[in-house]
Amino acid sequence: MLMAAGADSVLAVDAFVSFTLAILLLFVGKGLTGRVALLRRYGIPEPVVGGTLCAAVVCALYYGAGLQVIFELGARDMLLLYFFAALGLNSNIRALALGGWALPILVLLASGFMVMQNGLGMVLAGLFGLDPRAGLMVGSVSLTGGVGTTVAWTPHFVETLGIAGAGELGLAANMIGLIAACVIGGPIASWLMRRHAVMPSADAGLEVGTLHGDATRNQLDYYGVLLALFWLNVALLLGQGVSALIATTGLHLPAFVGCLLAGITLRSLGDLFAPRGGRMWRYDTMQPGLALVSDISLGMFLTMALMGLQLWALQPMLLFIGTVMLLQVALVIVFTVFVVFRVMGRNYEAAVMCSAFGGITLGSTATAVANMSAVTREHGAAPRAFLIVPLVCGFFIDLINALVIGWMAG
């Protein structure tokens, strides 16, 4: 639908066409990644390539032709729920017990970094003549917290603290942070592996996707895929209940947290009561279907998230946002390379978690997992990283971030 909007025109693309375009863009990203060795070498996620190209074209249309393209992306949120439900069902909780020290340590590292992130934002806001507390909106509110946290805190900053434009500031920072997190994750892991002679994993059984150039294919069958879809839907239904239960405590966490916890619970119960499988629980049979749904859901979600970015919204605050985000990204890189990698063990799993740290602190949980997926496609599986990082991103960090923001906002 095309309609006038002042001096410009607006092209509203409906949900079905937007979804179909996202599939095409994911094909474009996969095709370019398969052909350009540099993209694979630095672990650039396939959805980032197609989604970013679309965002760039839409931005060019806005400035060159006065046309604003708006995509209806309602399916994006459901894809995220399916992805985290699949990730939970693919998670072996015993792997966490084997390396449980990594979970609390990564939580502590991310928590300490949030304070540094906010401190940098507040200092720079003061230098630009703004209320220092506005710096929180370009700190952990928008970067570690993401869009949901930004929207949730905006009324407090605008109405209670009197900081005009706080919401726009946070959303702009989140937009840049999301792109930066996608770009720096893979190169950080690749550099660390070369610099420290880290041996890649010999395990080809990836949590998400398949290895680049792997000629083998998981055997899909009708019954296994149907089982996978059934248990995914059960996880989504149970996840709604888990989220509602958490909400009764006064905590407001993203909906995907409930789905992730529900998936982990169902997998644990299935392994406990039917370790050799049964009529309605055959993990070995349905695992290829789970991996396929997980891979497609993540790729589509991230593609749609990036294709929907409105880059022109950054123009009014370009100098401040540009300065802050340049330093925030630099801070993430330095902290990841010199602190996170060393503390997490200086091994392959640590390198994979380092690829995710930019997603934890700059983008979103989906970005963190997409970065890990890109690295493991090239170098092999990292099961502990895929269990620990989503729990850190989706559960612990949201809780701690709320406390940090409240404390630093006064």
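Nothing here was measured: the structure is a model prediction, and the numbers come from that model. (Residues numbered from 1 in each chain as written. Predicted model: local features only at pLDDT ≥ 70, side-chain atom pairs only at ≥ 80, totals over all residues. Heavy atoms only, no water.)

A. Highlighting the overall build of the chain. A tally of helices and strands in the chain yields 15 helices and three strands. Burial statistics for the chain: of 410 residues in total, 53% are counted as buried. By sequence separation, contacts in the chain at least 24 residues apart represent 81% of the contacts at least 6 residues apart. Total accessible area on the chain is roughly 17700 Å²; 69% of this is exposed by carbon and sulfur atoms. (Helix = DSSP H or I, 4+ residues; strand = E, 2+ residues; numbered from the N terminus. Buried < 20%, exposed > 50% of the residue type's maximum accessible area, 1.4 Å probe, protein only. Contact = heavy atoms within 4.5 Å. Areas by Shrake-Rupley, 256 points an atom, 1.4 Å probe, with all protein chains shown as cover.)

B. Quick peek at the packing of aromatic side chains. Applying the stated criterion across every chain yields a total of 10 aromatic pairs. Consider the rings of Tyr62 and Tyr63, whose centres lie 5.3 Å apart with planes at 90°: the pair is edge-to-face. Judged by its relative accessible area of 24%, Tyr62 is partly exposed. Ring geometry for Phe83 and Phe84: centres 4.9 Å apart, planes at 75°, overall edge-to-face. With respect to class, Phe83 is no different from Phe84; both count as buried. Cluster of aromatic residues (ring-pair linked, three or more members): Tyr62, Tyr63 and Trp312. The ring centre of Tyr283 lies 3.8 Å from the NZ or CZ of Arg267, which sits over that ring. (Phe/Tyr/Trp six-rings, centres within 6.5 Å; stacked < 30°, edge-to-face > 60°. Lys NZ or Arg CZ within 6 Å of the ring centre and 35° of its normal.)

C. Structural detail: helix α4 (residues 75–89). Relative to the 21 Å expected for 15 residues at 1.5 Å per residue, α4 spans 21 Å between its end C-alpha atoms, a close match to the ideal helical length. Restricting attention to buried positions, one finds in α4 the residues Leu79, Leu80, Leu81, Phe83, Phe84, Ala85, Ala86, Leu87, Gly88 and Leu89. (Expected span 1.5 Å × (residues − 1).)

D. Inspection of unusual backbone geometry at higher detail. Despite not being glycine, Ala197 has its phi angle at roughly 50°, a positive value. If you trace the backbone, Ala197 turns up in the loop between α8 (166–195) and α9 (222–247). Even without glycine at this site, Arg346 takes up a positive phi of about 55°. Here Arg346 is to be found in the loop between α12 (318–343) and α13 (348–362).

E. Region of interest: the environment of Arg133. Within the element layout of this structure, Arg133 appears in the loop between α6 (102–127) and α7 (146–160). Look at Arg133 and you get partly exposed, because its relative accessible area is 27%. Distance in space between the C-alpha atoms of Arg133 and Phe157 is 8.4 Å, their sequence separation being 24 residues.

F. How the structure looks around the nonpolar core. Core analysis: the largest hydrophobic core is formed by 128 residues, its most contacted members being Leu106, Phe157, Leu362 and Val389. No other element matches α8, which puts 14 residues into this core. Filtering out sequence-adjacent residues up to four positions away, Leu362 remains in contact with Gln117, Leu143, Gly177, Leu178, Ala180, Ala181, Ile184, Met325, Val329 and Val332. (Core = buried A, V, L, I, M, F, W, Y, C linked by side-chain atoms within 4.5 Å.)

G. Up close: the side chain of Thr154. Examined against the element boundaries, Thr154 turns out to sit in helix α7. The exposure class assigned to Thr154 is buried, which follows from its relative accessible area of 18%. Every residue in contact with Thr154, bar those within four places of it in the chain, is listed here: Met137 and Gly167.

H. Layout of the packing of helix α1 (residues 15–35) against helix α3 (residues 46–65). Orientation of α1 relative to α3, taken along the N-to-C sense of each, is 120°, at an axis distance of 7 Å. As judged from the angle between their axes, α1 and α3 are oblique. The handedness of the crossing between α1 and α3 comes out as right-handed. Residues Leu21, Leu25, Leu26, Val28, Gly29, Lys30, Leu32 and Thr33 of α1 form the contact with α3, whose participating residues are Glu46, Pro47, Val49, Gly50, Leu53 and Cys54. (Axes fitted to C-alpha atoms, helices over the stretch in contact; angles between N-to-C directions. Parallel < 35°, antiparallel > 145°, perpendicular 65-115°, else oblique. Left-handed = near helix turned anticlockwise from the far one by under 90°.)

I. The arrangement of a nonpolar patch on the surface in detail. On the surface, a cluster of nonpolar side chains totalling about 680 Å² of accessible area is made up of Ile23, Leu24, Phe27, Val28, Leu32, Val36, Leu38 and Leu53. The element best represented in the nonpolar patch is α1, accounting for five residues. One can find Val28 in helix α1. Owing to a relative accessible area of 32%, Val28 belongs among the partly exposed residues under this scheme. (Patch = residues over 30% accessible without salt bridge, like charges linked within 9 Å, V, L, I, M, F, W, Y side chains within 5 Å. Salt bridge = Lys/Arg side-chain N within 4 Å of Asp/Glu carboxyl O.)

J. Layout of the packing of helix α11 (residues 283–307) against helix α14 (residues 365–379). Packing of α11 against α14 brings their axes to within 10 Å, and their N-to-C directions diverge by 120°. Taken as axis vectors, α11 and α14 run oblique relative to one another. Viewed along their axes, α11 and α14 form a crossing whose handedness is left-handed. In contact with Asp295, Leu298, Phe301 and Leu302 of α11, α14 contributes Ala366, Thr367, Val369, Ala370, Ser373 and Arg377. Residue composition of the contact of α11 with α14, grouped by class: six nonpolar, two polar and two charged. (Nonpolar A, V, L, I, M, F, W, Y, C, P; charged D, E, K, R; others polar.)

K. Seen up close, the pattern of salt bridges. Applying the stated criterion across every chain yields a total of four salt bridges. A salt bridge links Asp271 to Arg267; the nearest nitrogen and oxygen atoms lie 2.7 Å apart. One end of the pair, Asp271, and the other, Arg267, are both in helix α10 (residues 255–273), four residues apart, so they sit about a helical turn from each other. Classification of Asp271 by relative accessible area gives partly exposed; the value is 24%. Under the relative-accessibility criterion, Arg267 is labelled buried at 7%.

Taken by themselves, the reported measurements are silent on function.
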